[in-house]
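Observations on the model geometry
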Amino acid sequence: MSFRFNVTVELTRAQPPAEIEAKVEGMPLGIVGRLTATALTSLSEVGEETHIDYTVDSNLTGKLGSLGQPVLRSKAKEMERQFAARLQAAFDRTGAEATP
């Protein structure tokens, strides 16, 4: 199952370098419903590491909500794992290049 959306993303708060918050609103193409979400990303230093914490509060309404909410949650978890793996790989490559 896949959905396409026309979305707008609004940066609602930024406190560099520690925090960024965004609001997402979208209308799906071809089905009645609406997507709204708030995403918050926080960065913190722990020793020599940077920890990334994020939360996404999303809501699907209308027919899309009744059909797509479980799919959205599953896809979000999959994307979270992919993001973390790719970010780790990028840092591993950067660290390997910097090592003499």
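Cut-offs and rules
Residues numbered from 1 in each chain as written. Predicted model: local features only at pLDDT ≥ 70, side-chain atom pairs only at ≥ 80, totals over all residues. Heavy atoms only, no water. Pairing = 2+ DSSP bridges. Helix = DSSP H or I, 4+ residues; strand = E, 2+ residues; numbered from the N terminus. pLDDT = per-residue confidence, 0-100. Axes fitted to C-alpha atoms, helices over the stretch in contact; angles between N-to-C directions. Core = buried A, V, L, I, M, F, W, Y, C linked by side-chain atoms within 4.5 Å. Buried < 20%, exposed > 50% of the residue type's maximum accessible area, 1.4 Å probe, protein only. Contact = heavy atoms within 4.5 Å. Patch = residues over 30% accessible without salt bridge, like charges linked within 9 Å, V, L, I, M, F, W, Y side chains within 5 Å. Areas by Shrake-Rupley, 256 points an atom, 1.4 Å probe, with all protein chains shown as cover. Salt bridge = Lys/Arg side-chain N within 4 Å of Asp/Glu carboxyl O.

A few points about the pairing of strand E3 (residues 34–46)
Bridge count for strand E2 (residues 19–28) against E3 is eight bridges, and the pairing is antiparallel. Along E3, the bridge assignment pairs Glu21 with Leu40. Following E3, the chain reverses through two residues before pairing antiparallel with strand E4 (residues 49–61); Gly47 in that reversal takes a positive phi of roughly 65°.

Quick word on the confidence of the model for the protein
Per-residue pLDDT for the protein averages 83, and the proportion of residues at 70 or more is 91%. Helix H1 (residues 62–98) is the least confidently modelled element of the protein, averaging 76 in pLDDT, while strand E1 (residues 5–15) averages 93, the highest of any element.

What about the sheet that holds E2?
On the basis of which strands lie adjacent, the open sheet formed by four strands has the order E1-E2-E3-E4 and antiparallel pairing. This sheet does not close on itself; its edge strands, each paired only once, are E1 and E4. Mean inter-strand twist for the sheet, computed between neighbouring axes without regard to direction, equals 15°.

Side note on the nonpolar core
Ranked by size, the top nonpolar core spans five residues in total: Val24, Leu35, Ala37, Leu60 and Leu64. Residues contacting Leu35, with those up to four places away along its chain left out, are Phe5, Val24, Glu25, Gly26, Asn59 and Leu60.

With respect to a nonpolar patch on the surface
Taken together, the side chains of Leu43, Ile52, Tyr54, Val56 and Phe83 define a hydrophobic patch exposed on the protein surface, amounting to about 440 Å² of accessible area. In terms of residue count, E4 provides more of the nonpolar patch than any other element does, three residues in total. Along the chain, Phe83 turns up in helix H1. Given the relative accessible area of 45%, Phe83 is considered partly exposed.

Focus: unusual backbone geometry
Omega for the bond connecting Pro16 with Pro17 falls within 30 degrees of zero, at 0°, which places this linkage in the cis form. By secondary structure assignment, the location of Pro17 is in the loop between E1 and E2.

Digging into the pattern of salt bridges
For the coordinates displayed, the defined rule picks out four salt bridges. Between Glu19 and Arg13 there is a salt bridge, with the nearest N and O atoms lying 2.3 Å from each other. A salt bridge links Glu21 to Arg13; the nearest nitrogen and oxygen atoms lie 3.5 Å apart. Relative accessible area serves as the criterion here: at 31%, Arg13 is assigned to the partly exposed category. Among the ionic contacts, a cluster of salt bridges with common partners joins Arg13, Glu19 and Glu21.

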